[in-house]
Amino acid sequence: MERSEYMSDRIWTKEFVIIFFYHFIVLFSMYVSIVTIGNYAIEQYGASSSTAGLVSSIFIIGVLVGRITTGPQINRLGAQKILYIGAVLFFVTYLLYFIDGGLALLIAARFLNGFATGLISTSVNTLATISVPENRRGEGISYFSLSFVLGAAIGPFLGFLMLEIMTFNTLLIIVGTAVFLGTLLLPLVKTNNIVKKGQLSAGRFKVIDRDAMPMGFSALFMGLAYASILAFLNLYAIDMNLVTAASFFFLVYSGAILMTRPFTGRILDQRGANIILYPAFVIMSIGFFVLGGATTGVVLLIAGGLIGIGFGNFQSVAQAVCVNLASRENIGLATSTYFIMLEVGLGFGPFFLGLLVPSLGYGGLYQYLVLSILIAMGIYYVVYGRHEKSRQQSGS
């Protein structure tokens with residue numbers, strides 16, 4: 001009887017499938033543009049590497065602002081209403097890509113489209129969480145996170161390949177059409193969170209947890225390193241004549257995550273974070289060093305696998321560490337802190353890293369970023385790693 005009741009509490013309901021698919025399509029569009037638009041800015045407007053990095057990463061800054069703005073409004077307006085606002089705003093801002101107004105308009109369009117994506121992502125994650133049965137919520141959220149992994153893999157993969165055979169504007173039209181078709185399914189989603197009038201308080205814009213913040217700096221430096229992959233891998237591959245291999249980079253990267261995350265999740269529960277994160281830092285460092293010296297497609301893909309094992313497992317475990325550092329009533333705030341700090345690194349990183357490209361080159365930049373990963377490891381050690389055993393013994 002208990003088994004039949006468990007099986008009746010389905011995760012993959014019609015609503016969950018639609019939410020999953022829509023999130024995947026939106027993230028797919030996000031990653032297609034992130035890895036291809038830097039090269040477009042250079043070819044179309046003669047942008048420098050630093051400016052091209054900004055054109056790519058300003059999108060993530062927009063996502064960050066959208067998330068910060070929307071988070072406190074979920075209980076007042078409802079996730080469903082925010083989702084519709086974000087969907088409409090997405091297409092309004094998407095049309096700006098087709099107006100040739102120079103770099104300034106392109107950067108503005110990127111930021112605004114990222115802001116709309118932030119609204120969508122915040123609301124969709126909320127709807128996914130409440131659409132699954134409470135007794136299977138952890139499992140449901142784990143499944144839903146695959147929409148992010150798949151979007152981050154298939155987006156860059158198809159983006160690289162499609163840009164070889166079509167113009168950037170044609171690519172935008174195809175991607176926009178895919179998002180539009182996914183948007184048509186949203187009226188079928190009836191799930192919504194409980195909307196409470198007057199829910200907002202004087203502290204409604206608190207988005208940072210002070211206890212989790214120190215670990216957030218480790219996420220920032222890891223995000224800074226990974227930002228160079230999103231912003232410059234295509235340009236690096238063009239320089240090295242490895243464009244075809246680079247198109248498979250994110251598939252290998254995501255494959256490494258999908259193969260290792262189930263095991264590392266169980267290890268985290270049984271033996272703690274140290275046994276996962278220290279190897280993750282080291283493996284990611286090796287991956288960046290290998291990537292910086294790549295001369296063949298095989299070596300490039302090996303680097304992708306190593307970076308997937310390192311950064312992919314850091315993401316899930318570091319989020320858990322932030323939650324462990326925070327008080328129980330601030331678990332949501334700690335999670336928000338983790339994503340904000342990570343996205344600060346992802347969003348602002350390419351602009352500053354682009355300033356180093358003229359002197360270091362793309363390969364040298366990747367090897368130089370091993371320092372960023374080691375700094376992240378040092379922060380983790382000071383903030384959490386050296387205390388983990390005593391925390392486990394005290395049960396906190």
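First, a word on what this report is: a plain description of the structure on this page. Residue indices begin from 1 for each chain and proceed along its sequence in written order. Under the rules for a predicted model, residues below a pLDDT of 70 receive no local features and side-chain atom pairs below 80 are neither given nor counted, while totals for whole chains, interfaces and linings still include all residues. Where side-chain values are given, they derive from all heavy atoms of the structure, hydrogens and water being excluded.

**A word on the overall build of the protein**
When helices and strands are tallied, the protein shows 17 helices and 0 strands. Residue burial is assigned from relative accessible area. The probe radius is 1.4 Å, only protein chains are included, and a residue is buried under 20% of its type maximum, exposed over 50%, and partly exposed in between. Buried positions account for 52% of the 396 residues belonging to the protein. Per-residue and other accessible areas were derived by the Shrake-Rupley procedure at a 1.4 Å probe size, with only the shown protein chains allowed to occlude residues. For the protein, the accessible area works out to roughly 17100 Å², and carbon and sulfur atoms hold 66% of it. Numbering goes from the N terminus for both helices and strands, where a helix is a DSSP run of H or I of at least four residues and a strand is a run of E of at least two.

**Side note on the packing of aromatic side chains**
Stacked, edge-to-face and tilted labels apply to pairs of Phe, Tyr and Trp rings (six-membered ring for Trp) whose centres lie within 6.5 Å, assigned for plane angles under 30 degrees, over 60, and everything in between, in that order. What the rule picks out here adds up to 27 aromatic pairs. Between the aromatic rings of Tyr94 and Phe98, the centroid separation amounts to 6.2 Å while the plane-to-plane angle is 65°, which identifies the pairing as edge-to-face. When the centroid spacing of 5.1 Å and the interplanar angle of 70° are considered together, the rings of Tyr338 and Phe339 count as edge-to-face. By relative accessible area, which is 29% here, Phe339 ends up partly exposed. Every member of this aromatic cluster is reached through a ring pair, and the members are Phe160, Tyr226, Phe249, Phe250, Tyr253, Tyr278, Phe281, Phe311, Phe314, Tyr380 and Tyr384. The rule is short: NZ of Lys or CZ of Arg within 6 Å of the ring centre and within 35 degrees of the ring normal puts a charge over the ring. A cation over a ring is seen here: Arg67 above Phe339, with NZ or CZ 5.6 Å from the ring centre.

**Remarks on the environment of Phe348**
By secondary structure assignment, the location of Phe348 is in helix 14 (residues 331-354). Judged by its relative accessible area of 39%, Phe348 is partly exposed. For the pair Phe348 and Ile58, spaced 290 residues apart in sequence, the C-alpha separation works out to 7.3 Å.

**Quick look at the packing of helix 3 (residues 49-70) against helix 10 (residues 213-240)**
Packed helix pairs are characterised by how far apart their axes lie and by the angle those axes make with each other. Angles shown run from 0 to 180 degrees and are taken between the N-to-C directions of axes, each axis being a line fitted to C-alpha atoms and, for helices, limited to the stretch in contact. Direction vectors running N to C along helix 3 and helix 10 enclose 130°, while the axes themselves pass 10 Å from each other. By the criterion of interaxial angle, the relationship of helix 3 to helix 10 is oblique. For the element pair helix 3 and helix 10, the recorded crossing hand is right-handed. Residues Ser49, Gly53, Ser56 and Ile60 of helix 3 form the contact with helix 10, whose own contacting residues are Leu230, Ala231 and Phe232. Amino acid classes used here: Ala, Val, Leu, Ile, Met, Phe, Trp, Tyr, Cys and Pro are nonpolar; Asp, Glu, Lys and Arg are charged; the rest, including Gly, are polar. In the contact of helix 3 with helix 10, the residues fall into 4 nonpolar, 3 polar and no charged. Note that the term roughly parallel is reserved for angles under 35 degrees, roughly antiparallel for angles over 145, roughly perpendicular for angles of 65 to 115, and oblique for everything else. It is the rotation of the near helix from the far one that decides the hand of a crossing: anticlockwise by less than a right angle makes it left-handed, clockwise makes it right-handed. Note on contacts: a residue pair is in contact if any heavy atoms of the two residues lie within 4.5 Å.

**A look at a nonpolar patch on the surface**
For patch detection, residues must exceed 30% relative accessible area and be free of salt bridges, and they are connected within 9 Å for like charges or within 5 Å for nonpolar side chains (Val, Leu, Ile, Met, Phe, Trp, Tyr). We define a salt bridge as a side-chain nitrogen of Lys or Arg found within 4 Å of a carboxyl oxygen belonging to Asp or Glu. A surface patch of nonpolar side chains, amounting to about 360 Å² of accessible area, comprises Leu360, Tyr368, Leu371 and Leu374. Sorting the residues of the nonpolar patch by element identifies helix 15 (357-368) and helix 16 (370-383) as the ones contributing at least two each. Inspection of the secondary structure assignment puts Leu360 in helix 15.

**Regarding the side chain of Thr93**
Looking at the element boundaries, Thr93 is found in helix 5 (residues 79-94). Once you skip the residues sitting within four places of it in the chain, Thr93 turns out to touch Ala109, Leu112, Asn113 and Ala116.

**Overview of the nonpolar core**
Met215, Ile229, Leu233, Phe288, Leu291 and Leu300 are the most contacted members of the largest nonpolar core, which has 113 residues in total. For this core, the leading source of residues is helix 2 (residues 14-45), giving 18 residues. Setting aside chain neighbours within four positions, we find Leu300 in contact with Leu233, Tyr236, Leu242, Ala245, Ala246, Phe249, Leu291 and Ala294. Throughout, nonpolar core names a set of buried Ala, Val, Leu, Ile, Met, Phe, Trp, Tyr and Cys residues whose side chains join them through atoms within 4.5 Å.

**Notes on the packing of helix 15 against helix 16**
Look at helix 15 against helix 16: their axes get within 4 Å of each other, and the N-to-C directions meet at 15°. By the angle between their axes, helix 15 is roughly parallel relative to helix 16. Across the interface between the two elements, Tyr366, Gln367 and Tyr368 of helix 15 pack against Val370, Leu371 and Ser372 of helix 16. A breakdown of the residues in the contact of helix 15 with helix 16 according to their chemical character gives 4 nonpolar, 2 polar and no charged.

**Digging into empty space enclosed by the protein**
A pocket here means an open set of points on a 1 Å grid, computed over the protein atoms alone, that has protein on both sides within 12 Å along at least five of seven lines. A cavity is instead a set of points where a 1.4 Å probe fits but cannot get out; residues with an atom within 4 Å of a point line either one. Grid points are joined across faces, edges and corners, and a volume is the space filled by probe spheres set on the points. According to the stated counting rule, one finds 2 cavities of 30 Å³ or more in the structure shown. Here the largest cavity defines a volume of roughly 70 Å³. Of all the secondary structure elements, the ones that give two or more residues to the lining of the largest cavity are helix 2 and helix 9 (168-183). Here the element with the most residues in the lining of the largest cavity is helix 2; it accounts for 5 residues. Its residues assigned to classes, the lining of the largest cavity comprises 9 nonpolar, 4 polar and no charged. Reported here for the second largest cavity is a volume of approximately 30 Å³. Lining the second largest cavity we find Tyr40, Tyr45, Leu96, Tyr97, Ile99, Gly102, Leu105 and Leu106. Of all elements in the fold, only helix 2 and helix 6 (102-131) reach the threshold of two or more residues within the lining of the second largest cavity. Looking at which element gives the most residues to the lining of the second largest cavity, the answer is helix 6, with 3 residues.

**A look at helix 5**
For a helix, the expected span equals 1.5 Å multiplied by the number of residues minus one. Taking 1.5 Å per residue as the helical rise, helix 5 with its 16 residues ought to reach 22 Å, and the 22 Å between its terminal C-alpha atoms agrees with that figure. Those residues of helix 5 that sit buried are Ala79, Gln80, Ile82, Leu83, Gly86, Ala87, Phe90, Thr93 and Tyr94. Axial view of helix 5: buried residues confined to an arc of 155°, hence all on one face. The arc in question is formed by the directions pointing from the helix axis toward the C-beta atoms.

**Considerations on the side chain of Ser254**
Within the fold, Ser254 resides in helix 11 (residues 243-271). The class for Ser254 is buried, based on a relative accessible area of 4%. Discounting residues that sit within four places of it in the chain, Ser254 has contacts with Val149, Ala152 and Ala153.

**What to know about unusual backbone geometry**
Of note, Asn241 is a non-glycine position whose phi angle comes to about 60°, a positive value. Position of Asn241 among the secondary structure elements: in the loop between helix 10 and helix 11. The class for Asn241 is exposed, based on a relative accessible area of 70%.

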